[in-house]
Amino acid sequence: MAASETGRAAVPVAAAPDTSRFPTSARGSSGIAPHPRRLGEPGPLADKSTAAMRYQSPLRYPGAKSGLAGVIGDLIGNAAAELGTPELFVEPFAGGASTGLRLAGAGVVRRVLLADTDLLVARFWQVAAADTEWLIDRMWNEPVTLERWDHWKAWQPSDPQDRDIAVKCLFLNRTTFSGILHGRAGPIGGRKQESAYPIDCRFNKEALAARLRFVGDLYASNRLADVWCKDWADTLTDVAEWYPQLIPNRVIAYLDPPYWSKSPKLYSRSFDPAGGYPERGTSMPGERGKSPLEQHNWLSGLDHYRLAGYLCHHAQVRWILSYDDHPDLTEDENLYAATQMAPSPTDADRQDARQWHITKRLVDLRYSASATRAHRGKREELLITTLPGSSVPLDDRFRAYPSGRRG
Ligand SMILES: C[S@@+](CC[C@H](N)C(=O)[O-])C[C@H]1O[C@@H](n2cnc3c(N)ncnc32)[C@H](O)[C@@H]1O
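Residues numbered from 1 in each chain as written. Predicted model: local features only at pLDDT ≥ 70, side-chain atom pairs only at ≥ 80, totals over all residues.

1. Focus on the overall build of the chain
Across its full length, the chain holds 12 helices and seven strands. Here the chain, with 407 residues, has 45% of them falling under the buried criterion. A sequence separation of at least 24 residues applies to 74% of the contacts in the chain between residues at least 6 apart. (Helix = DSSP H or I, 4+ residues; strand = E, 2+ residues; numbered from the N terminus. Buried ≥ 20, exposed ≤ 12 C-beta atoms within 10 Å, placed from the backbone. Contact = placed C-beta atoms within 7 Å.)

2. Notes on the sheet that holds strand 1 (residues 88–91)
Read from one edge of the open sheet, seven strands run 3-2-1-4-5-7-6, paired in mixed fashion. The outermost strands of the open sheet, each flanked by one partner alone, are strand 3 (224–228) and strand 6 (359–364). If you compare each strand with its neighbour and ignore which way they point, the axes differ by 20 degrees on average. In terms of strand pairing, strand 2 (residues 112–115) meets strand 3 through four bridges, oriented parallel. In the sheet register, leucine 114 faces strand 3, and the bridge partner there is valine 227. (Pairing = 2+ DSSP bridges. Axes fitted to C-alpha atoms, helices over the stretch in contact; angles between N-to-C directions.)

3. Here's the deal with unusual backbone geometry
A cis amide bond links isoleucine 247 to the next residue, proline 248, at an omega of 5 degrees. Structurally, proline 248 is set in the loop between helix 8 (232–242) and strand 4 (251–255). A positive phi angle, close to 55 degrees, is found at glutamine 193, a residue other than glycine. Tracing the backbone shows glutamine 193 in the loop between helix 6 (164–175) and helix 7 (205–220). Positioned with a positive phi, asparagine 222 is a non-glycine residue whose angle comes to about 65 degrees. With respect to the helices and strands, asparagine 222 occurs in the loop between helix 7 and strand 3.

4. Topic: the environment of leucine 365
For leucine 365, the location among the structural elements is in the loop between strand 6 and strand 7 (380–385). Linking leucine 365 and leucine 68, residues 297 residues apart in sequence, is a C-alpha distance of 6.6 Å.

5. Things to note about helix 6
Between its first and last C-alpha, helix 6 extends 16 Å over 12 residues, near the 16 Å set by a 1.5 Å rise per residue. If you check which residues of helix 6 are buried, you get Ile165, Ala166, Val167, Lys168, Cys169, Leu170, Phe171, Leu172, Asn173, Arg174 and Thr175. Buried-residue contacts for helix 6 involve helix 3 (119–130), helix 4 (132–140) and helix 5 (146–154). (Expected span 1.5 Å × (residues − 1).)

6. Overview of the packing of helix 1 (residues 69–83) against helix 2 (residues 98–106)
The N-to-C vectors of helix 1 and helix 2 enclose an angle of 50 degrees; their axes lie 9 Å apart at closest approach. Classified by the interaxial angle, the pair formed by helix 1 and helix 2 is oblique. Every pair of crossing elements has a handedness; the one defined by helix 1 and helix 2 is right-handed. Here Ala69, Ile72 and Gly73 of helix 1 come into contact with helix 2, specifically with Ser98, Thr99, Arg102, Leu103 and Ala106. (Parallel < 35°, antiparallel > 145°, perpendicular 65-115°, else oblique. Left-handed = near helix turned anticlockwise from the far one by under 90°.)

7. Observations regarding the pairing of strand 2
Neither face of strand 2 is open: one carries Val112 and Leu114, the other Leu113 and Ala115, and all of them are buried. Strand direction decides the pairing type here: strand 1 and strand 2, joined by three bridges, are parallel. Paired with phenylalanine 89 across the strands is valine 112, a residue of strand 2. On the question of chirality, the crossover connecting strand 1 to the parallel strand 2 by way of helix 2 is right-handed. (Right-handed = clockwise from strand over helix to strand, strands pointing away.)

8. Observations regarding the environment of valine 215
As for its position among the elements, valine 215 is in helix 7. Here valine 215 falls in the buried class, since 28 other C-beta atoms lie within 10 Å of it. The sequence separation of valine 215 and alanine 129 amounts to 86 residues, and the corresponding C-alpha distance is 5.4 Å.

9. A few points about the environment of aspartate 395
Here aspartate 395 is to be found in the segment after strand 7. On the basis of neighbour counts, which here come to 8 C-beta atoms within 10 Å, the residue aspartate 395 falls in the exposed class. The spacing of aspartate 395 and arginine 361 is 34 residues in sequence and 9.8 Å in space, taken between C-alpha atoms.

10. Details of the confidence of the model for the chain
Where the model shows low pLDDT, its predicted coordinates should not be examined in detail. Taken over all residues, the pLDDT of the chain has a mean of 82, while the share at 70 or more is 77%. Between residues 263–290, whose pLDDT stays under 50, and residues either more than four places distant or in other chains, the model counts 72 contacts. Overall, residues 367–375 carries pLDDT values under 50, and its contacts beyond four positions in sequence, including any with other chains, amount to 16 contacts. (pLDDT = per-residue confidence, 0-100.)

11. Description of the packing of helix 3 against helix 6
Close contact between helix 3 and helix 6 brings their axes to 8 Å; oriented N to C, the two are set at 110 degrees. Compared by their axis directions, helix 3 and helix 6 come out roughly perpendicular. Here helix 3 contributes Leu119, Leu120, Val121, Arg123, Phe124, Val127 and Ala128 to the contact with helix 6, which in turn contributes Ile165, Ala166, Lys168, Cys169 and Leu170. Taken together, the residues that form the contact of helix 3 with helix 6 break down as 10 nonpolar, no polar and two charged. (Nonpolar A, V, L, I, M, F, W, Y, C, P; charged D, E, K, R; others polar.)

12. Notes on helix 3
The first and last C-alpha atoms of helix 3 sit 16 Å apart over 12 residues, in line with the 16 Å expected at 1.5 Å per residue. Within helix 3, 12 of the 12 residues are buried, which leaves the element mostly enclosed by the surrounding structure. Within helix 3 the residues assigned to the buried category are Leu119, Leu120, Val121, Ala122, Arg123, Phe124, Trp125, Gln126, Val127, Ala128, Ala129 and Ala130. Where helix 3 is buried, its residues touch strand 2, helix 4, helix 6, helix 7 and strand 3.

In structure tokens, the structure reads:
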């Protein structure tokens, strides 16, 4: 049995269970296996230079919380004294995956697993991981022009495994206003391309190639364990089923859902509605979880309640959740007012029902998509976690709620 970076024994890899129940929507001919990947022993990176850089993700992502990665890394480092270095860090709302990439590159966690319900995003990460040089070649050969923007905008895959889905994601993300993949957002520089910032101003191929190679390096070294195209609930359920030897304490899920407040205003103005959903009628064949109903569910709050219900009553793994700071989140009993996980009546008798303490803190982000222009850089983010309370500091950086607020 290998030793982990904290000196604790690493958990052995499980025998593979029946995989027939796993969805096939994002399976690839690209080298990502048609079933969840077995956990390999993480090795050194071939090239450490990108791991030390400020930005590592090839994607610009609406709401990206790159400022939070250090904070989350510190929490996990603190918790390691009690729980050990996490064997698996799961990001079920991966988006630009800025936190997972940073923590895996730095070795704060042994492996990351990325998942997103948006096929464009999930397929991008799959191809970037397992077919890195193919994607880099395609990128170098891709003219960054308005004509190609129109091409990719209109292009629809007939096969959800098509590797060109990754090219579409990368191209549109780097050439569209605010990195928006779906909906009506236009190209950077406008249709007339008269701006000082033309369509290719964020398409530095050399820098992107380095970031893509970093993703490939993480995957080849087993630090990026796998990429799934799933709804967050399926991701969390399937992690517990697929890696039972890591449950409960050797997996940490980091959840960064679409914002609670301002979503309609924020997303309709500059970001993708509901943090990644396309507008009505823009779904691609083979895409899962893109129905107008689900889009509506985030915007109306239904999915926020579904997430809170799962995390506070059913979650099998330790979790960290980041949200825009809004009183609803901590005052509503059906969101995160509770200070303790409580099994639902049907789960109460189960041996594995979790009753972890729920700790809440406010942290500063240097930049947050939820900030108004005047307050950009000063915005506080709400962190909620079931990591052991002793590992969550209470200081200038991790602030308690103002009096009258719970947590
Ligand atoms: C706020 S963004 C995450 C940003 C990410 N933390 C980063 O640093 O770039 C939310 C992501 O969640 C995804 N998403 C939205 N609803 C989802 C769902 N039901 N299940 C899984 N992913 C979902 C969106 O496609 C989007 O990529």
